[in-house]
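Listed here are the chains, written in short residue letters.
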Amino acid sequence: MHWHTMSIEETLKELDVFVDQGLSTKEVKQRQQTYGKNVLEAKKGKSLFRKFIAQFADFMIVILICAAAISLIVSYMDGEPDYFDPIIILLIIILNATLGVMQETKAEKALEALKKLSAQTAHVLRDHKVSIINSTELVPGDIILLDTGCFVPADARLINSVNLKVEEASLTGESHPVDKNALVRLHPDTNLADRSNLVMATSSVTYGRGVAVITGTGMNTQVGHIAKLIMEDETPMTPLQKKLAKTGKVLGIAALIICIAIFIMGLMKNLPVFDMFMTSVSLAVAAIPEGLPAIVTIMLSLGVQRMARKNAVIRKLPAVETLGSATVICSDKTGTLTQNVMTVTQICSMYGKEKMTGDFGEFLLSHAALCNDALLQIDKNHVDIAGEPTEKALVMAAYHAGMNKLNLDSTYERIHEIPFDSTRKLMTTVHKSPDGTYRSITKGAYDYILPRCSNVYHNGKQVPLRRNEKNRINALNSTMTGSALRVIAVAYKNIPKGKNYDDTSLEDDLTFIGLIGMIDPPREEVKEAVRICKQAGIKPVMITGDHVLTATAIARELGILSSMSESITGEELSRLDHDELCNKIPGYRVFARVSPEHKVRIVKAFQSRGEVVAMTGDGVNDAPALKAADIGCAMGITGTDVAKNASDMILTDDNFATIVSAVKEGRGIYDNIKKAVHFLLSSNIGEILTIFVAILFSLPTPLVAVQLLWVNLVTDSLPAISLGVERTAKDIMQRKPVPPSKGMFADGLAFQILFEGILIGSLALTAFVIGYRYYDMPALLKSLTNQVDTNAMPGSYVPWVGRTMAFAVLGLSQLFHSFNMRSRRSLSEIGLFSNPKLVISFLICSFLQVTVISVPFLSRVFQVVPLNLRQWALVLLLSFTPIVVVELQKKFNAKKREMNS
Ligand code: ATP
């Protein structure tokens, strides 16, 4: 259908909808059945089976499977088929892969749920009413309202447009916004980029507003035709994942070299070749930490789900890590630090305060209500106003003073407008009076209006504005802003009949009417959030379009600023070059009267000082700053789609305190990832050392392939995941931010991991030596003296008890050790049961470990023997040792910290 060739009436008729009513609910339901959801078919996710198979796509696992198969064939050819070993190895690998798939699916679900949370909405007219709905529910024929900053949710034909400009780069390649006009009809051959009466899905409104009727949804849109565009929905690796993948590779190569060394040493010591090979490969599978990035994904996605519950929706995974390192939070004032509930409390003429209900008050407020886009809705006795808070306050004040905006609007018809934008800080409308005369009204920031005024309204007349009057108005403005009021100035201009109004001259040579002051109280919780920020080594910074006195009054109340010298205005900022700004920036806490364009400079200047910057934003013009910031935070309520799309995180409650709690959560997640990595690596080192040292000292291999795989792939993974949900440490916001350049293993962590690895390895070896020396050797000697049996020659005999004890200690000591990871504080302080998931993991894994040793059938499979009470007591004693050692170490470190502070 060539929608661009049709008139508005023809389009509406074709789509069977009335422009003032919209579709009915019944009609919408029917159309939804016909046309489906307004979504683009995304790339199909990997099937469960493919995910499962992908778990085996690891070089060492493939070798292990081959080795198991060879062992089966060789034993079969020898006439003594050994089914157990290969089957158990396979089962363990399958169990491990299943766990992997489960975790991966869980992480994917968490991220999927998040995508839904940050889904786009649209303003739609249905059943005579405008409501906000999820864009996926739209159908052809729906009437939608478009406003600056919103994304066009589907392809649509414009019905009305006011200064509408749309950016369609993703479809036409044209990076500049293009003008749109509802009234034109175009030739059928007009190409896509020139169809000025149509708007298309995925483009965004950069200026003005409009109304449109939807002509196509979902795959039936222009973007649907270029479906490839959307298929690239892959989540890239986060910096931490990349770093860990690299660390994993280095450690993996080291582990591989050690495994090869172990194999060669085993051969030199005449140990059975095939057993040695199996042990080395199993050790490589177990000890190569290729799973580290996966652990990070799981923890990040679970953390992100928690954050969403606290009103911070993460759009880009790396933001979680960066959040934890944030050192500066640049926040808008209105709505983020304040409640965004504005109430007019004062009005002034050039002589000073005036009554809102007097002649002057009526004149001023009626003009403010006319040059205004807020929507007054009166339902019986209930008055409701929809729109932007500043404008709502003005309409409400006018209403209380006896003027109804609806009546004003119908008497003084609006025939032209220049919308408000936060760079110009002005808004202008042109009205036609019943007597046929024209008047423009301009309202905006006081310091942007006064220079444009040459007259002043005085006693119903228009008189020249003199310098001393300007000074007086200046002083009045300072008093109002100094008491934290947002001040709006209102002016007008009579336009001679017949004169063509054009945009540039409309806002010059104005007649000043007066000032309107409104209060927007700070949010209660922000004061505490600012205090926490400072304690956590993060600088809270206010960036606002408001007047410097209003801004500093509020910043002082919130504890952001302590002296006026810490504030700077946009005008002063424009005079500084980049280097000067970089030099001075650490001293500023309030940036007032700034335009969105200044925000990018502010971000870059802070970054040049090595700061990690979080920045809030809501408008279209904020998008570059949100992108430039390390963490761009868009407002969920007042934010435009464009700002949201440019952000890393959306604050669903627009609240500064939410950023602070997200930082806390980010630090907590990083801390927990560190714990899991710490745990896994120290355990791996323990395993490698056990085997390496035993072979070095000519002892029999203390652990066989199945045992190694079991400990590593099964019993280790549950506690590691449980560490990911450890409660955030109480003192986390008393620590300084961790610079992103500082590696995870800094501050002695690498040493600590090595130390604990050695500890675990020594314990397992001790268990082995005790079992071997005090139980296996005597048994062997006895059998040798009692009966000379060639099968019992030292070369081929099995150190049953030693192996069993080593296997038990290795598994259990790691399980106990997982509790050490929970905090740098002692377990007695944080409470043994305060992470129930870890306790449950511990119980399950310990039960499994004891079961495979004690149940006769399983013990055969795992090549162990049931232990007696005394042996179990020894195993427990050794396994518990890491807790004792690390607790002592923690006590020692705490004393050291105390002495240093
Ligand atoms: P913040 O940057 O703290 O979030 P803001 O975004 O509301 O504040 P701007 O929108 O840039 O700041 O507003 C700057 C100034 O413009 C205000 O101080 C006010 O004087 C004026 N202003 C705000 N809204 C309007 C409006 N709808 N019409 C006319 N002037 C306005």
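This structure is a prediction, so every number in the text was calculated from the model and none was measured.

Colleague: Residue-level account of the side chain of E507, with values.
Modeller: For E507, the location among the structural elements is in the loop between helix 17 (503-506) and strand 20 (510-519). E507 sits in the buried class, given a relative accessible area of 5%. Among the polar contacts made by the side chain of E507, one reaches the side chain of R424 at a distance of 2.8 Å.

Colleague: Describe the packing of aromatic side chains, naming the residues involved and giving the relevant values.
Modeller: What the rule picks out here adds up to 12 aromatic pairs. Aromatic pair F363 and Y457: ring centres 3.8 Å apart, planes at 5 degrees, arrangement stacked. Placement of F363 in helix 12 (residues 359-370) and of Y457 in strand 17 (residues 453-458) is noted, with a sequence separation of 94 residues between them. For F363, a relative accessible area of 16% puts it in the buried group. Ring centres 5.9 Å apart and planes at 70 degrees place the aromatic pair Y588 and F591 in the edge-to-face group. In this structure, Y588 and F591 share a single accessibility class: buried. Following the ring pairs from residue to residue traces out a cluster consisting of F360, F363, Y457 and Y492. In this structure, R439 is placed above the aromatic ring of Y492, and the distance from its NZ or CZ to the ring centre is 4.2 Å. Lying over the aromatic face of Y774, R773 brings its terminal NZ or CZ to 5.4 Å of the ring centre.

Colleague: Tell me about the sheet that holds strand 22 (residues 567-569), and name the residues and values.
Modeller: On the basis of which strands lie adjacent, the open sheet formed by eight strands has the order 8-26-25-24-9-21-23-22 and mixed pairing. Each end of this open sheet is capped by a strand with a single partner; those strands are strand 8 (312-314) and strand 22. Taking the axes of each pair of neighbouring strands and ignoring which way they run, one obtains an average angle of 20 degrees across the sheet. In terms of strand pairing, strand 25 (residues 631-635) meets strand 26 (residues 649-651) through three bridges, oriented parallel. Each residue of the ladder has a partner; that of A634, found in strand 26, is I650.

Colleague: Before we move on, could you go through the pairing of strand 14 (residues 413-421) and cite the residues and values that matter?
Modeller: The pairing of strand 14 with strand 15 (residues 426-432) spans six bridges and is classified as antiparallel. Along strand 15, the bridge assignment pairs R414 with H431. In this antiparallel pair of consecutive strands, strand 14 and strand 15, the connection spans four residues, and K425 shows a positive phi of 60 degrees.

Colleague: I'd like to hear about the domain arrangement of the protein chain, residue by residue, with values.
Modeller: You can read the domains of the protein chain as domain 1 (3-42 + 111-232), domain 2 (237-307 + 668-900), domain 3 (313-339 + 523-662) and domain 4 (343-519). In this structure, domain 1 and domain 4 have C-alpha centres spaced 34 Å apart. Contact residues are listed per partner, giving five residues for domain 1 and six residues for domain 4. Of the roughly 400 Å² buried at the junction of domain 1 and domain 4 (both faces included), carbon and sulfur atoms supply 41%. Sorting the residues of domain 1 by area buried against domain 4 places N163, Y207 and R209 first, and these three jointly supply 83% of that buried surface. At the junction of domain 1 with domain 4, the criterion picks out two salt bridges. Across the pair R209 and D373 runs a salt bridge whose closest N-O atoms are separated by 3.9 Å.

Colleague: Which residues make up the side chain of T221, and what values do they have?
Modeller: Mapped onto the elements, T221 comes out in the loop between strand 7 (204-216) and helix 7 (222-225). T221 sits in the buried class, given a relative accessible area of 2%. At 2.8 Å, the side chain of T221 forms a polar contact with the backbone oxygen of G218.

Colleague: I'd like to hear about the nonpolar core, residue by residue, with values.
Modeller: Judged by nonpolar contacts, the single largest core of 138 residues is most densely connected at I89, I329, M649, F656, I673, F807 and F862. Among the elements that take part in this core, helix 25 (residues 656-696) stands out by supplying 18 residues, more than any other. Looking at which domains feed residues into this core, each of domain 2 (237-307 + 668-900) and domain 3 (313-339 + 523-662) gives three or more. Residues in contact with I673, not counting those within four places in the same chain, are L240, L244, V296, M299, L300 and M744. Within the second largest apolar cluster, 33 residues are counted, among which are L23, I143, I159 and V213.

Here is what the cut-offs are and how they apply
Residues numbered from 1 in each chain as written. Predicted model: local features only at pLDDT ≥ 70, side-chain atom pairs only at ≥ 80, totals over all residues. Heavy atoms only, no water. Helix = DSSP H or I, 4+ residues; strand = E, 2+ residues; numbered from the N terminus. Buried < 20%, exposed > 50% of the residue type's maximum accessible area, 1.4 Å probe, protein only. Polar contact = N/O pair within 3.5 Å; in protein donor to acceptor, adjacent residues only side chain to side chain. Phe/Tyr/Trp six-rings, centres within 6.5 Å; stacked < 30°, edge-to-face > 60°. Lys NZ or Arg CZ within 6 Å of the ring centre and 35° of its normal. Pairing = 2+ DSSP bridges. Axes fitted to C-alpha atoms, helices over the stretch in contact; angles between N-to-C directions. Domains from an automatic or database assignment. Contact = heavy atoms within 4.5 Å. Buried area = accessible area lost by both parts, 1.4 Å probe. Salt bridge = Lys/Arg side-chain N within 4 Å of Asp/Glu carboxyl O. Core = buried A, V, L, I, M, F, W, Y, C linked by side-chain atoms within 4.5 Å.

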